[in-house]
Amino acid sequence: MEYILIIISAIFVNNVVLAKFLGICPFIGVSNKVSTSIGMTGAVAFVMVIASLVTYFIQKLLKSYQIEFMQTITFILVIASLVQMVELVLKKVSPSLYQALGIFLPLITTNCTVLGVAILAVSNPDYGALETAVFALANALGYGVALIVFAGLREQLELAEVPQAMEGVPIAFITAGILAMAFMGFSGLV
């Protein structure tokens, strides 16, 4: 039951993009097409789960040496290194998957969602390694749900008659705000 609560909370109630406002830049920048959003969701999910697990164990190491103040810079270095390592491994092992995710992998390095979820996971004293992995995967799914729904809305907005002054980014921000308010309807669910 605890895992179900973590999943529902991360996807709907405390959505990392729409409730915590992490990762807004890629959220706006990559959400022009649904297909692009699906690719970004897969790449973010993969990196977010691995990064959260690695940073979980690194946090244990930092605590044992009483140097928790190094958390942020250490996590940033770990995430950037992981993205580079994943990119190199994919290039050698699966060139087709590397081509599919190639454009998204460098974007993940600067995606504050990955760092934010890693910090949120290690900040919860009740989470072990398994809970951290579930939390990271659920947040990645929540990121994906928000991104894909928003991309679908933006595709529909391209067909709609929008005032010239509101075309592009302005209507995207208004739509994102309305989507965030819609997700607020899930508050109190968990």
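Residues numbered from 1 in each chain as written. Predicted model: local features only at pLDDT ≥ 70, side-chain atom pairs only at ≥ 80, totals over all residues. Heavy atoms only, no water.

(A) Summary view of the overall build of the protein. Across its full length, the protein carries 9 helices and 0 strands. Shown N-terminal to C-terminal, the secondary structure of the protein runs as helices and strands in the order α-α-α-α-α-α-α-α-α. In summary, the protein has a C-alpha radius of gyration of 17 Å against a globular reference of 16 Å for 190 residues, a match within 12%. Along the three orthogonal principal directions, the C-alpha set of the protein runs to about 60 × 45 × 30 Å. Within the span of the protein, comprising 190 residues, buried residues form 44% of the whole. Sequence separation of 24 or more characterises 76% of the internal contacts of the protein that already satisfy a separation of 6 or more. Accessible surface, the protein as shown: approximately 10,200 Å² in total, 70% of it carbon and sulfur. (Helix = DSSP H or I, 4+ residues; strand = E, 2+ residues; numbered from the N terminus. Rg over C-alpha atoms; globule rule 2.2 N^0.38 Å. Buried < 20%, exposed > 50% of the residue type's maximum accessible area, 1.4 Å probe, protein only. Contact = heavy atoms within 4.5 Å. Areas by Shrake-Rupley, 256 points an atom, 1.4 Å probe, with all protein chains shown as cover.)

(B) Structural context of a nonpolar patch on the surface. Together, Leu61, Tyr65, Ile67, Phe69, Met70, Ile73 and Leu77 line one region of the surface with nonpolar side chains, adding up to about 740 Å² of accessible area. Mapped onto the elements, Leu61 comes out in helix α3 (residues 34-64). (Patch = residues over 30% accessible without salt bridge, like charges linked within 9 Å, V, L, I, M, F, W, Y side chains within 5 Å. Salt bridge = Lys/Arg side-chain N within 4 Å of Asp/Glu carboxyl O.)

(C) Expanded view of the nonpolar core. Counting 47 residues, the largest nonpolar core has Leu18, Phe27, Met40 and Ile108 as its most contacted members. When residues of this core are traced back to their parent elements, those giving at least two are α2 (24-29), α3, α4 (71-93), α6 (104-109), α7 (112-123), α8 (129-159) and α9 (169-184). Ranked by residues supplied to this core, first place goes to α3 with 9 residues. Contact partners of Phe27, with chain neighbours within four places excluded, come to Val17, Leu18, Tyr143, Ala146, Leu147, Phe150, Ala176 and Leu179. (Core = buried A, V, L, I, M, F, W, Y, C linked by side-chain atoms within 4.5 Å.)

(D) Representation of the packing of aromatic side chains within the structure. Scanning the model with the defined rule gives 5 aromatic pairs in all. Arranged with centres 5.1 Å apart and planes meeting at 80°, the rings of Tyr56 and Phe57 form a pair that is edge-to-face. A relative accessible area of 12% places Tyr56 in the buried class. Consider the rings of Phe183 and Phe186, whose centres lie 5.6 Å apart with planes at 70°: the pair is edge-to-face. A relative accessible area of 30% means that Phe186 is categorised as partly exposed. One aromatic cluster in this structure is built from Phe12, Phe183 and Phe186. (Phe/Tyr/Trp six-rings, centres within 6.5 Å; stacked < 30°, edge-to-face > 60°.)

By themselves, these figures tell us nothing about what the structure is for.
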